[in-house]
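Given next are the chains, with one letter for each unit.
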Amino acid sequence: MDHPENSEEYKGLQVNAGVSSQSIVNPYLKRGRFRRREYSAAEMVEGIVKGDVTILSQAVTLVESVNPSHYAKAQEVIDKCLPYSGNSVRIGISGVPGAGKSTSIDEFGIHVLERTGGKLAVLAIDPSSERSKGSILGDKTRMEKLSQRKEAFIRPSPTAGSLGGVARKTRETIILCEAAGFDKIFVETVGVGQSETACHSMVDFFLLIQLAGTGDELQGIKRGIMEIADGIVINKCDGENVDRCQMAATNFRNALHFFPMPESGWLPKVLCYSGFYGIGIKEVWDMIYQYIDFVKANGYFQYRRNEQSKYWMYESINEHLRNSFYNNPIIAEQIKSAEQSVLGGEKTSFKAAGDLLDMYFKQMKM
């Protein structure tokens, strides 16, 4: 190759040929040395019960796997861990993006560990991109204090386009964490509606984090997420924002009076705090423990858990029916032609769906 830099015009300069491109893989790397050991279901259960976080992480990965070959083993692990579960306090934490959930969880976690001891697991449901299908899974980076504590286990999970499936897997992960000795479970979601319903169906206390000055106060009288919250806290109550937070708290309290009394008999409280500066954290947790004591005394705590178990039984049935339908070879063969019929205007969406379902049920009878 000619290099004009080597001409007389640029005398004194020289370009060497250089070396050939090197592989980005270390030639001395022995891949077998880094191969992860694959545990049997019995070994996984034994490790989880002993509190081995490495085995717990692998078991959670197994539960989250979409590989059909992993399903039977995952269910065996969950079934054997079930007798060791149910001995934790499960807290659901939600709020709009930017409300300070991860920062607050960092402060909440440190406060709870120092106040009551024990072990804490944080399960974060991270929504996946509709375009790339990817998730950042970066919640742990914003929990600097908790991530350094050996008593804490932080596990983000992507929705991967299937919120119900991830919610079910999160509930199964709760069972594994409880079997591993974690007596406090935080489940974090982003405030998008459906995720809150799923989160509420697996926790004992649902905490809603709000912000002041965003217009949310005017939405207070609307049903939905406000109706399922057991407690509402307004974050970033510091500096010049204190007055706005107090005003927002008053508006939320007024809005709660429009709702019927919850089944628990507990009227949700509204508090202000600052997750960044750690102000008001104790008061928030005094409210949560007061609620837990209240519902345990009137029997609602166990009633709610029983209702949740029943809810997830029906959710599991729905998920199995859905998977059975889409994995059916005849349906898989006909679904594309049904799509073309809809796109071509030959059938309505409802007629095409009805035909596919009729085909599926007829096959089931054979």
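Numbers given to residues run from 1 along each chain, matching the order in which its sequence is written. Residues qualify for local features only when their pLDDT is at least 70, as the model is predicted, and side-chain atom pairs are given and counted only at 80 or more; totals for whole chains, interfaces and linings, by contrast, use all residues. For the side-chain quantities, the full set of heavy atoms in the structure was used; hydrogens and water were omitted.

Student: Before we go on, may I ask you to explain the overall build of the chain in this structure?
Tutor: For the chain, the count of helices and strands is twelve helices and seven strands. Burial classes: relative accessible area under 20% of the type maximum marks a residue as buried, over 50% as exposed, and values in between as partly exposed (1.4 Å probe, protein chains only). Within the chain, buried positions represent 42% of all 366 residues. Carbon and sulfur atoms form 54% of the exposed surface of the chain, whose accessible area is close to 21,100 Å². Here a helix means four or more residues in a row that DSSP labels H or I, a strand means two or more in a row labelled E, and each is numbered from the N terminus. What sets the accessible areas is the Shrake-Rupley method with a 1.4 Å probe; for residues, cover comes only from the shown protein chains.

Student: Is there a simple way to think about the environment of A352 in this case?
Tutor: Structurally, A352 can be placed in helix α12 (residues 349-365). Residue classification places A352 among the buried positions, given a relative accessible area of 4%. When the C-alpha positions of A352 and Q340 are compared, they lie 9.9 Å apart, and in sequence the two are twelve residues distant. Not counting the four nearest positions on each side in its chain, A352 is found in contact with A338, V342 and K347. Residue contacts are counted whenever heavy atoms from the two residues lie within 4.5 Å of one another.

Student: Teacher, can you tell me more about the packing of helix α10 (residues 300-326) against α12 here?
Tutor: Between two packed helices, both the angle of their axes relative to each other and the distance between the axes serve to describe the pair. Axes, fitted as lines to C-alpha atoms, cover a helix only where it is in contact. Angles between the N-to-C directions of the axes lie from 0 to 180 degrees. Running from N to C, α10 and α12 point in directions that differ by 95 degrees, and their axes come no closer than 11 Å. Between α10 and α12, the angle falls in the class roughly perpendicular. Taking contact as the criterion, the partners of L321, S324 and F325 in α10 are, on α12, L356, L357 and Y360. Across the contact of α10 with α12, the residue classes break down as five nonpolar, one polar and no charged. Angle categories: roughly parallel below 35 degrees, roughly antiparallel above 145, roughly perpendicular from 65 to 115, and oblique for all the rest. Think of it as three bins: nonpolar holds Ala, Val, Leu, Ile, Met, Phe, Trp, Tyr, Cys and Pro, charged holds Asp, Glu, Lys and Arg, and polar takes everything else, Gly as well.

Student: What is the right way to look at the nonpolar core in this model?
Tutor: As a rule of thumb, nonpolar side chains are buried together in soluble globular proteins. Within the largest apolar cluster, 48 residues are counted, with the highest numbers of intra-cluster contacts made by I48, L176 and I234. What is meant by a nonpolar core is a set of buried Ala, Val, Leu, Ile, Met, Phe, Trp, Tyr and Cys residues, joined one to another through side-chain atoms within 4.5 Å. One finds A99, F108, L211 and V295 within the second-largest nonpolar core, a separate group that totals 33 residues.

Student: What is the right way to read the pattern of salt bridges from this model?
Tutor: Where charged atoms from two side chains of opposite charge approach closely, those side chains can pair. The salt bridge criterion pairs a side-chain nitrogen of Lys or Arg with a carboxyl oxygen of Asp or Glu, the two atoms within 4 Å. Tallied over the full model, the rule gives 17 salt bridges. Among the ionic pairs, R149 bridges to E114, the shortest N-O distance being 3.9 Å. Remark: E114 occurs in helix α4 (residues 101-116) and R149 occurs in the loop between β2 (120-126) and β3 (152-158); sequence separation between them is 35 residues. On the basis of relative accessible area, R149 is assigned to the partly exposed category, the value being 24%. For E114, a relative accessible area of 59% translates into the label exposed. Through salt bridges with shared partners, a single network forms among E114, R149 and E151.

Student: What am I meant to see in the packing of aromatic side chains here?
Tutor: Pairs of aromatic rings are described using the distance from one ring centre to the other and the angle between the two planes. Within 6.5 Å between ring centres, the rings of Phe, Tyr and Trp (the latter by its six-membered ring) count as paired, and their orientation is classed by plane angle as stacked under 30 degrees, edge-to-face over 60, tilted in between. Applying the stated rule across the entire model yields 14 aromatic pairs. Judged by centre distance (5.9 Å) and plane angle (45 degrees), the rings of F153 and F182 are tilted. Note that F153 is positioned in strand β3 and F182 in the loop between α5 (163-179) and β4 (184-188), a separation of 29 residues in sequence. Pair check on accessibility: F153 and F182 agree, each one buried. With a centroid separation of 5.5 Å and an interplanar angle of 25 degrees, the aromatic rings of F186 and W285 are classed as stacked. Residue F186 is found in strand β4, and its partner W285 is found in helix α9 (residues 281-298); the two are separated by 99 residues along the sequence. Residue W285 is classed as buried on the basis of its relative accessible area of 2%. Each residue in the set F108, F186, Y273, W285 and Y289 is aromatic and connected to the rest through ring pairs, giving one cluster.

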